[in-house]
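# Survey of secondary and tertiary structure
Okay, here's what each chain looks like letter by letter:
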Amino acid sequence: MIRINENYLKLQTSYLFSDIAKRVAAFQKAHPDREIIKLGIGDVTRALPRVCIEAFHRAADEMGNDATFRGYGPEQGYLFLREKIATEDFQARGADISADEIFVSDGAKCDNGNIQEIFATDIRIAIPDPVYPVYIDTNVMAGRSGDFRDGRYDNVLYLDSTAENGFVPNLPEEPADLIYLCFPNNPTGATITKDRLREWVEFARENRAVILFDAAYQIFIQDDSLPRSIYEIEGARDVAIEFRSFSKTAGFTGTRCAYTVVPQTCTAYDRNGARHALHDLWIRRHTTKFNGVSYPVQRAAEALYSDEGKTQVKALADFYLKNAALIRREISDMGLSCAGGENSPYIWVDGKGDSWKFFDLLLEKAGVVCTPGAGFGKCGQGFIRISAFNSFENVRKAMSRIREAKLF
Ligand code: MLT
């Protein structure tokens, strides 16, 4: 008899953003004349930077000619892109990362979800609450959690991120093996200072743990004193894996390109206490299960590192940050407290009630889609996340509709 992976039965019925999409579609069906403004899932709305389009055209021409055509590429990604990433994203900021430590992929979501495969199933995971649901869901699927009870899974060490700690979790009082951190944070928009990040790196070193550092939103950091990469912290190379994405940086949500950094010195242990390089495990996994990102997409990503590309990327980030500033201002004028939006495209609003009720109210009364905070964890209850990814006009319209609906 064929049997299922029963860990899937522990999961909530659907993935947060699929659930929201279904609710929005049902609402639109029931109210076909209502214009809905989506400030829910962080999906970008601006066109790709011009440099990418030009690179795509050139790469498409190469693919159309036998002499320059490319078949399977290197699974780890083309060296022309990995070298740019290593020098521009890391070495230029004093982080000691080389091209052979970069793994180009089709998305940070996939990498964040897949990476847990290279670790044992009976390890203790520490996960912030609230946080991007992929971290917890993929560990539940792999059997690292107990049952879901009272808003949380058993056997998981939750790291509370609340207004009291500025949405930056404190170090746990018990050991953990695999620690997820995400800064600028999804969903709270909170950032972490170098000093606080150093504490986490030291904790990981002392506990022989590994940190999975999700930096998908680093492009939005405005405050230059804040770290963009965990490798700006000394010693992090030995205990941290970092995830980056071109999705929010350059509008690649539909184009698909991201990368993961697994330093050669980052290790974990077998049951006998012998150390193994995670780089070797990840390369083994990657080459077996992944055939690389398409050549034109990697050429388009490479183009972002030219001087023109950098200017166009900055313009994109500035555009969304202007939206974020407007949302923050409007929310504060309504007398509500919020976090994020300054070094992040997400604004985390304390609605002081039930998150899903706020979600429904916002949709019904203002025709605006947000993301209910409770979907990111128990500590998210009472909050909603508003995303700055839309046109300025739509953001302005959404905020005036919310104001006029007098929901708060
Ligand atoms: C979000 O809205 O949290 C993100 O867009 C989801 C993602 O990047 O997968």
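Let us now look at the domain arrangement of the protein. If you check the domain split of the protein, you get domain 1 (6-47 + 308-405) and domain 2 (53-307). Each of domain 1 and domain 2 has a C-alpha centre, and these two points are 24 Å apart. Contacts between the two partners involve 37 residues from domain 1 and, on the opposite side, 50 residues from domain 2. A combined buried area of about 3,500 Å² lies between domain 1 and domain 2, and 60% of that area is made up of carbon and sulfur atoms. Where domain 1 touches domain 2, the interface holds two salt bridges.

Our focus in this paragraph is the packing of helix H1 (residues 16-30) against helix H11 (residues 355-366). One way to put it is that H1 packs onto H11 with a least axis distance of 11 Å and a crossing angle of 35 degrees. With respect to the hand of their crossing, H1 and H11 are arranged in right-handed fashion. For the pair H1 and H11, contact is made by Leu 16, Asp 19, Ile 20, Arg 23, Val 24 and Phe 27 and by Trp 356, Phe 359, Asp 360, Leu 363 and Glu 364, respectively. For the contact of H1 with H11, the per-class residue count stands at seven nonpolar, no polar and four charged.

Glancing now at the site of the ligand. Around the ligand, the neighbouring residues are Phe 17, Ile 41, Gly 42, Tyr 132, Asn 186, Tyr 217, Lys 248, Tyr 346 and Arg 385. Between an oxygen atom of the ligand and a side-chain N or O atom of Tyr 132, the distance comes to 2.5 Å. Between Tyr 346 and the ligand, the recorded distance is 3.4 Å, taken from a side-chain N or O atom to an oxygen atom. Out of a free accessible area of 270 Å², the ligand has 85% covered by protein chains. Taken domain by domain, the shell around the ligand gets at least three of its residues from each of domain 1 (6-47 + 308-405) and domain 2 (53-307).

It is worth spelling out the pattern of salt bridges at this point. Within this structure, the stated rule accounts for 29 salt bridges. A salt bridge links Glu 35 to Arg 401; the shortest N-O distance between them is 2.4 Å. Pair noted here: Glu 35 is in the loop between H1 and strand S1 (37-38) and Arg 401 is in helix H12 (residues 392-405), with a separation of 366 residues, a long-range link. Overall, the relative accessible area of 40% leaves Glu 35 in the partly exposed class. For Glu 174, the salt bridge identified is with Arg 124, shortest N-O distance 2.9 Å. One end of the pair, Glu 174, is in the loop between strand S6 (157-160) and strand S7 (178-182); the other, Arg 124, is in the loop between helix H4 (108-114) and strand S3 (125-129), and 50 residues separate them in sequence. A relative accessible area of 37% means that Glu 174 is categorised as partly exposed. For Arg 124, a relative accessible area of 26% gives the class partly exposed. Bridged by salt links that share partners, the residues Glu 35, Lys 397 and Arg 401 form one connected network.

Within the secondary structure layout, Gln 381 lies in the loop between strand S16 (371-372) and strand S17 (383-387). Between the alpha carbons of Gln 381 and Gly 42 there is a distance of 19 Å; along the sequence they are 339 residues apart. With residues up to four places along the chain from it excluded, the contact list for Gln 381 reads Gly 353, Asp 354, Ser 355, Gly 373 and Ala 374. Side-chain polar atoms of Gln 381 contact the backbone nitrogen of Ser 355, separated by 2.8 Å.

Remark: a regular strand shows side chains that alternate across the two faces of the sheet. A large share of strand S8 (residues 210-214) lies buried, amounting to five of its five residues. Burial along S8 is two-sided: the residues Val 210, Leu 212 and Asp 214 and Ile 211 and Phe 213 are all buried. Taken together, the five bridges between S7 and S8 define a ladder with parallel strand orientation. Along S8, the bridge assignment pairs Ile 179 with Ile 211.

Below, the discussion takes up the sheet that holds strand S13 (residues 338-340). Pairing is antiparallel across the open sheet formed by four strands, whose spatial order is S13-S14-S17-S16. Whereas interior strands pair on both sides, the edge strands pair on one side only; in this sheet they are S13 and S16. Inspection of the sheet shows S16 paired to S17 by two bridges, in the antiparallel sense. Along S17, the bridge assignment pairs Pro 372 with Ile 384. Lying over the sheet, helix H10 (residues 307-333) contacts S13, strand S14 (346-350) and S17, oriented at roughly 165 degrees with respect to S13.

With mixed pairing, seven strands are arranged side by side in an open sheet as S2-S10-S9-S8-S7-S3-S6. On the outer flanks of this sheet lie strand S2 (102-105) and S6, each paired with one strand and no other. Mean inter-strand twist for the sheet, computed between neighbouring axes without regard to direction, equals 20 degrees. Where S3 lies against S6, four bridges are found, and the strand directions are parallel. By the bridge assignment for S6, Ile 127 is matched with Tyr 158. Across the sheet, helix H3 (residues 79-90) lies against S2, strand S9 (240-245) and strand S10 (258-261), angled at about 115 degrees from S2, the strand it touches most.

In this section: the packing of helix H2 (residues 50-63) against helix H9 (residues 295-303). Axis separation between H2 and H9 bottoms out at 8 Å; the angle between their running directions is 145 degrees. Helix-helix and strand crossings are classified by hand; for H2 and H9 the assignment is right-handed. Across the interface between the two elements, Val 51, Cys 52, Ala 55, Phe 56, Ala 59, Glu 62 and Met 63 of H2 pack against Tyr 295, Pro 296, Val 297, Arg 299, Ala 300 and Ala 303 of H9. Looking at side-chain class alone, the contact of H2 with H9 contains eleven nonpolar, no polar and two charged residues.

Conventions we followed
- Residues numbered from 1 in each chain as written.
- Predicted model: local features only at pLDDT ≥ 70, side-chain atom pairs only at ≥ 80, totals over all residues.
- Heavy atoms only, no water.
- Domains from an automatic or database assignment.
- Contact = heavy atoms within 4.5 Å.
- Buried area = accessible area lost by both parts, 1.4 Å probe.
- Salt bridge = Lys/Arg side-chain N within 4 Å of Asp/Glu carboxyl O.
- Axes fitted to C-alpha atoms, helices over the stretch in contact; angles between N-to-C directions.
- Helix = DSSP H or I, 4+ residues; strand = E, 2+ residues; numbered from the N terminus.
- Left-handed = near helix turned anticlockwise from the far one by under 90°.
- Nonpolar A, V, L, I, M, F, W, Y, C, P; charged D, E, K, R; others polar.
- Near = heavy atom within 4 Å.
- Polar contact = N/O pair within 3.5 Å; in protein donor to acceptor, adjacent residues only side chain to side chain.
- Areas by Shrake-Rupley, 256 points an atom, 1.4 Å probe, with all protein chains shown as cover.
- Buried < 20%, exposed > 50% of the residue type's maximum accessible area, 1.4 Å probe, protein only.
- Pairing = 2+ DSSP bridges.

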